[in-house]
Amino acid sequence: MGFYGAQGLKIELVHRTLSGAFRGTKFSPKNMRFFCVHWRKIWFQQNYSKNLYPWQYKINIEKITWSVIIEIYKNDKEEAKKACYNNFSSIAKDLVELGINVDCAPVLDVSTDKTHGIIGDRTFGSNPEEIIDLSKELCRAFLDNDVYPIIKHIPGHGRAISDSHLELPSVDASLEELTNSDFIPFKELADMKFAMTAHILYSAIDNKLPATISKKMIDIIRNQIGFKNILMSDDISMKALPG
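This write-up is about the structure you can find in this document. (Residues numbered from 1 in each chain as written. Predicted model: local features only at pLDDT ≥ 70, side-chain atom pairs only at ≥ 80, totals over all residues. Heavy atoms only, no water.)

1. Examining the environment of Phe124
- Residue position: Phe124 is located in the loop between strand 6 (102-103) and helix 4 (128-144).
- When its relative accessible area of 0% is taken as the criterion, Phe124 is described as buried.
- For the pair Phe124 and Leu108, spaced 16 residues apart in sequence, the C-alpha to C-alpha distance is 7.3 Å. (Helix = DSSP H or I, 4+ residues; strand = E, 2+ residues; numbered from the N terminus. Buried < 20%, exposed > 50% of the residue type's maximum accessible area, 1.4 Å probe, protein only.)

Okay, structure coming up:
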């Protein structure tokens, strides 16, 4: 079943998934807002000269929603928060249907112009206030649907310029710099039940061990950031960890 509705968008009901499409090859901010607020599944009609099958590409909105929501936030904070809540409520419903009640999100890392691509657009940006606003909506959406969020990568992966899956990143920012930026989102969401550590060496705090296994950094996480609940490690097979 399909029809063209508001904003010239084609809407189809496929089994239990409401899908939409639009003519053309460009994804405008207007279409971003429309899809992000209402649906998660998007079909793109590709009109390239290579004569590709017109419905060849399907993109799941979870993979682009971070950047989409950030764009919306620039102009309308409330609409962005609504988009975030609706999107992650839908994800939570999918997870619960599969018997999953915990998800490794949100990413509270504060990005910089040097943030490694492994973090990329998984974070809500470089502004701690924006990260807090949107991450709280994500957490609320999960919890309203019986899914526990895991805040990560505490105390912050945004300053890392290498991939902790492949090597140990080292961050030389001072404790004051970290406190005034990277720690802020984690401090604001410290009431969540789960947090995942960053496999990063913060040399100003502990110049020998990455945060995950550093007593000094764990003490800061517990007492300065104020996270008192279940603290878990990121993947222990990542090459950032020794052994």
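2. Observations concerning the packing of helix 3 (residues 77-97) against helix 4
- Interaxial distance between helix 3 and helix 4 falls to 8 Å at its minimum, and their mutual angle equals 35 degrees. Of the two elements, helix 3 crosses helix 4, and the hand of that crossing is right-handed. Contacts between helix 3 and helix 4 pair Lys77, Ala80, Lys81, Cys84, Tyr85, Phe88, Ser89, Ile91 and Ala92 from the former with Glu129, Asp133, Leu134, Glu137, Leu138, Arg140, Ala141, Phe142 and Asp144 from the latter.
- Residues that form the contact of helix 3 with helix 4 fall into these classes: ten nonpolar, one polar and seven charged. (Axes fitted to C-alpha atoms, helices over the stretch in contact; angles between N-to-C directions. Left-handed = near helix turned anticlockwise from the far one by under 90°. Contact = heavy atoms within 4.5 Å. Nonpolar A, V, L, I, M, F, W, Y, C, P; charged D, E, K, R; others polar.)

3. Some thoughts on the side chain of Thr197
- Considering the arrangement of structural elements, one finds Thr197 in strand 9 (residues 194-197).
- Among the polar contacts listed, one links the side chain of Thr197 to the side chain of Thr212, at a separation of 2.8 Å.
- Once you skip the residues sitting within four places of it in the chain, Thr197 turns out to touch His153, Ile154, Thr212, Leu231, Met232, Ser233 and Asp234. (Polar contact = N/O pair within 3.5 Å; in protein donor to acceptor, adjacent residues only side chain to side chain.)

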